[in-house]
Protein chains: 2
Amino acid sequence: MQQGHTVFFKNRPKIIATATVAGPKESAGILGDYVDYPLQDDMFGECTFERAERKMLLWALERSIAKAHLRQNEIDVMLSGDLLNQIISASFTARETGLPFLGIYSACSTMSEGLLLGGMLVDGGYAQNVVAATGSHFSSAERQYRFPLELGNTRPPQSQWTVTGAGSAVISKTGEGPYLTCGTVGRVIDYGVSDVNNMGAAMAPAAADTILTHLKDTGREASYYDLILTGDLGALGSRIVKDLVWEKGEDIFENHVDCGEIVYKVIEDEFQGGSGAGCSAVVLNSYIYDKLRRGGSIRKVLFVATGALLSTVSSGQGETIPGVAHAVAIERCAEGQI
Amino acid sequence: MQQGHTVFFKNRPKIIATATVAGPKESAGILGDYVDYPLQDDMFGECTFERAERKMLLWALERSIAKAHLRQNEIDVMLSGDLLNQIISASFTARETGLPFLGIYSACSTMSEGLLLGGMLVDGGYAQNVVAATGSHFSSAERQYRFPLELGNTRPPQSQWTVTGAGSAVISKTGEGPYLTCGTVGRVIDYGVSDVNNMGAAMAPAAADTILTHLKDTGREASYYDLILTGDLGALGSRIVKDLVWEKGEDIFENHVDCGEIVYKVIEDEFQGGSGAGCSAVVLNSYIYDKLRRGGSIRKVLFVATGALLSTVSSGQGETIPGVAHAVAIERCAEGQI
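Residues numbered from 1 in each chain as written. Chains lettered and ligands numbered in written order. Predicted model: local features only at pLDDT ≥ 70, side-chain atom pairs only at ≥ 80, totals over all residues. Heavy atoms only, no water.

A. Summary view of the overall build of chain A. Across its full length, chain A holds ten helices and 14 strands. When the backbone C-alpha atoms are referred to their principal axes, chain A occupies close to 55 × 45 × 35 Å. Taken over 338 residues, chain A has a buried fraction of 66%. In chain A, 77% of the contacts between residues at least 6 apart in sequence involve partners at least 24 apart. (Helix = DSSP H or I, 4+ residues; strand = E, 2+ residues; numbered from the N terminus. Buried < 20%, exposed > 50% of the residue type's maximum accessible area, 1.4 Å probe, protein only. Contact = heavy atoms within 4.5 Å.)

B. Geometry of the interface of chain A and chain B. Taken together, the contact pairs 57 residues of chain A with 57 residues of chain B. Viewed at the interface, chain B and chain A are joined by eight salt bridges. Glutamate 319 of chain A is paired through a salt bridge with arginine 95 of chain B; the nearest N and O atoms lie 3.5 Å apart. Where chain A meets chain B, there are 30 residue pairs in polar contact (both at pLDDT 80 or more). Looking at the side of chain A that touches chain B, the elements that each hand over two or more residues are strand 1 (6–8), helix 2 (49–67), helix 3 (88–97), strand 5 (101–103), helix 4 (110–123), helix 5 (138–145) and helix 10 (312–316) of chain A. (Salt bridge = Lys/Arg side-chain N within 4 Å of Asp/Glu carboxyl O. Polar contact = N/O pair within 3.5 Å; in protein donor to acceptor, adjacent residues only side chain to side chain.)

C. Highlighting unusual backbone geometry. Residues and elements named next belong to chain B. With phi around 55°, glutamine 86 is a residue other than glycine that occupies positive phi space. Look at glutamine 86 and you get buried, because its relative accessible area is 4%. Of note, isoleucine 87 is a non-glycine position whose phi angle comes to about 35°, a positive value. Tracing the backbone shows isoleucine 87 in the loop between strand 4 (77–82) and helix 3 (88–97). Relative accessible area serves as the criterion here: at 1%, isoleucine 87 is assigned to the buried category.

D. Spotlight on the relation of the copies chain A and chain B. When chain A is fitted to chain B, the best match, at an RMSD of 0.0 Å, comes from turning it 180° and sliding it 0.0 Å along the axis. Look at the turn and shift together and you get a two-fold axis relating the two. Using C-alpha coordinates, one finds that chain A approaches the rotation axis most closely at isoleucine 104 of chain A, a distance of 2.0 Å. Here 100% of the contact residues of chain A are again contact residues in chain B; the copies associate through an equivalent surface. (Least-squares fit on C-alpha atoms with pLDDT ≥ 70 in both.)

E. Representation of the nonpolar core. Grouped together as the largest cluster of nonpolar side chains are 99 residues, with contacts concentrated most on Leu115 and Phe303 of chain A together with Leu115, Ile288 and Phe303 of chain B. For this core, the element with the highest residue contribution is helix 9 (residues 277–294) of chain B, accounting for nine residues. Beyond its immediate stretch of four places on either side in the chain, leucine 115 of chain A contacts Ile15, Ala132, Ala169, Ile171, Leu180, Leu284, Phe303, Val328 and Ile330 of chain A. In this structure, Ile65 of chain A together with Ala94, Leu99 and Tyr105 of chain B belong to the second largest nonpolar core, which totals 68 residues. (Core = buried A, V, L, I, M, F, W, Y, C linked by side-chain atoms within 4.5 Å.)

F. A look at helix 3 of chain A. Counting buried positions over the ten residues of helix 3 of chain A gives nine, a clear majority of the element. Turning to helix 3 of chain A, its buried residues number three or more, namely Ile88, Ser89, Ala90, Ser91, Phe92, Thr93, Ala94, Arg95 and Thr97 of chain A. On its buried face, helix 3 of chain A is in contact with helix 2, strand 4 (77–82) and strand 5 of chain A together with helix 10 (312–316) of chain B. The positive-phi residue at the C-terminal boundary of helix 3 of chain A is glycine 98 of chain A, with phi of around 75°.

G. Representation of the pairing of strand 4 of chain B within the structure. All names here are of chain B. For strand 4, the tally of buried residues reaches six of six residues, placing the bulk of the element in the interior. Pairing analysis gives six bridges linking strand 4 to strand 6 (residues 129–136), with the strands arranged parallel. Looking at the pairing, glycine 81 lines up with threonine 134 of strand 6. In this structure, strand 4 lies alongside strand 5 (residues 101–103), joined through three bridges in parallel fashion. The residue of strand 5 that forms the bridge with leucine 79 is leucine 102. (Pairing = 2+ DSSP bridges.)

H. Spotlight on helix 4 of chain A. Residues and elements named next belong to chain A. Here helix 4 spans 19 Å end to end across 14 residues, near enough to the 20 Å set by a 1.5 Å rise per residue. Burial analysis of helix 4 places 14 of its 14 residues in the buried class, which makes it a mostly covered element. Trailing helix 4 by a residue or two, glycine 125 shows a phi angle of about 85°, which is positive. (Expected span 1.5 Å × (residues − 1).)

I. Focus on the pattern of salt bridges. Applying the stated criterion to the full structure yields 26 salt bridges over all chains. With its nearest N and O atoms 2.6 Å apart, the salt bridge here joins aspartate 209 of chain B to arginine 187 of chain B. Here arginine 187 of chain B lies in the loop between strand 9 (179–184) and helix 6 (199–218) and aspartate 209 of chain B lies in helix 6, a separation of 22 residues in the sequence. Since its relative accessible area comes to 26%, arginine 187 of chain B is described here as partly exposed. Put simply, Arg51, Arg54, Arg95 and Glu96 of chain A together with Asp190 and Glu319 of chain B are held in one network by salt bridges that share partners.

J. Here's a closer look at the side chain of lysine 14 of chain B. All names here are of chain B. Residue placement: lysine 14 occurs in strand 2 (residues 14–22). Buried and unpaired, lysine 14 has glutamate 176 as its nearest opposite-charge partner, separated by 7.7 Å. A distance of 3.4 Å separates a polar atom in the side chain of lysine 14 from the backbone oxygen of lysine 173. If we skip the residues at most four places from it in the chain, lysine 14 touches Val170, Ile171, Ser172, Lys173, Thr174, Gly175, Gly177, Pro178 and Tyr179. (Lys, Arg positive; Asp, Glu negative; His and termini not counted.)

K. Quick look at the confidence of the model for chain A. Chain-level pLDDT for chain A is 95 on average; 97% of the residues reach the 70-or-more range. Listed scores for the predicted complex are pTM 0.97 and ipTM 0.97. (pLDDT = per-residue confidence, 0-100.)

L. Region of interest: the state of the cysteines. All names here are of chain B. All chains considered together, the criterion is met by zero disulfides over all chains. Free of any disulfide, cysteine 108 has its nearest cysteine sulfur in cysteine 279, 8.0 Å distant. Cysteine 108 gets classed as buried once you look at its relative accessible area, which sits at 10%. (Disulfide = S-S within 2.5 Å.)

M. Here's a closer look at the side chain of glutamate 50 of chain A. Mapped onto the elements, glutamate 50 of chain A comes out in helix 2. A polar contact of 2.8 Å, which involves the side chain of glutamate 50 of chain A, links it to the side chain of glutamine 317 of chain B. Each residue touching glutamate 50 of chain A, except ones within four places of it in the same chain, is listed here: Leu84, Ser140 and Arg143 of chain A together with Val313 and Gln317 of chain B.

N. Representation of the environment of lysine 67 of chain A within the structure. All names here are of chain A. Summarising the element assignment, lysine 67 is placed in helix 2. In this structure lysine 67 comes out as partly exposed when scored by relative accessible area, which is 32%. Along the primary structure lysine 67 and threonine 18 are separated by 49 residues, whereas in three dimensions their C-alpha atoms are 7.3 Å apart. Once you skip the residues sitting within four places of it in the chain, lysine 67 turns out to touch Ala17, Thr18, Ala19 and Asp36.

This is the structure:
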């Protein structure tokens, strides 16, 4: 890359609009007021979890394009992926939109991979407008990764709760909005965690690696950012990432926040917090994007969505759980500057 | 994009090296002499199909880097995906390499998505060297998508045989080799095929759409290309794509070849030919790359790998099978030119 594992965007690709949709449980949290479409019914009127999941993705995608005051045929590329086998949510959504479609897979770090690739496509002059979107659904994820909900399995205390929701962002060459300044491509890191209920611990080393690489490549202090926003490490994983970064001489205790930690009310039974590709997609594209747009105390955000790279087959064959995290810096000018 | 759905590479990103590994059945075909590592044992000394699949991917990837005379740390990004749930072959291979990793998913069109994105990353100056790789394994695909091999199910005549093999290409800013001139991002097209044994028919409309879009966007005649190389349509799908393109006024009868049609000896029981992400990856990166390097009659290739975007869940829920195809033009100068 241009410096270590980091690319720099010279032409300031902008996030000109975002849109989000979230389930009833998610909308009951602090984000509720910021979500475009808080669902009353997590089936979204559909007959299967999978159909509900892709309806959310399509809704968020189309709404973000509308909010950007663009017609669908003005979007050059759709970058999307999701947690379901063969990313069927993204693929079937792409079928509905008819947009040129590049499928990506990075588990729960799909949102940051989409922004990073979208940033390069727009910055490099290959596209005028790119839409990056992802989502997840609690029930489709449980069915695929764990047990049928009907079994009523108990959940261990280190577990997280897959977010029901979708988020979409329109990245453009022109227009108004916070812009992407640089991004760091993550490496796959494996510390040997094999507990499929402890995703936070599995992903934290990858988040720490990417944050440290980003700071080294850019020469920035951790304090440069008003917010270092990880994806879905949850409560335990957030403590681990802070510690791992601290061990290497950087301090993110004051400005690190995890989307999984803030997405739910703490009285819920989600234990460590939220997870899923929809977690960081909903939090970034609603609450955080609103903060960036308004331009108060949050002007520089390092968004580091995190993904656990396992499948039921890999776990069944005794493999450990590697993680990956991609970082993208989203900034807006200080007051009075352009 | 810069023109319709097509991007143009101004800086001629080059494919400076490729490497392939293929199973015994694949190596017995016409490609055998061109594959770097023809396997005697399709388990590659491993104890599971999945481990064998990712060992092939890692081998091809590392060999391509070595053939490019690069050290592993000179590779800026690894772009890879595969057919297994949550692309575990690519992710676990990325763990072994330690390379910055962007996971992609485009079913059997992964090789052309990798070349297309890799081309933009190198052409745009974001990366010096990118490796794009994918693969598949007959037995892991059968287990995941169809039936355990032990059942000994019969195969219908419209079925294809998933290629056991992997291919990798190194795309670079500098060096020698055929170069990428432009590429077209595919849309997801669905003609309503729901027979999971008839992938060729499901994917052919997407291939036709991308070829026609590419010709329109570039203003090129179909005859501009010495070869229009689709991914894994097989015998039936190849007839369909030629017909669909013909209906729209373009003629590819003379210069269209499908990787799935040429990968096996015709006496084998693979019916319509080869399929799988490894199919086009092996054919392009061995036989075709060799032709391009030597510079005989094959100097301009439009590589259009094709993917069927289904999962066992989507099929089980009664969905049809959408397809996608991404195109990338790989060319070399005419004799005497630079």
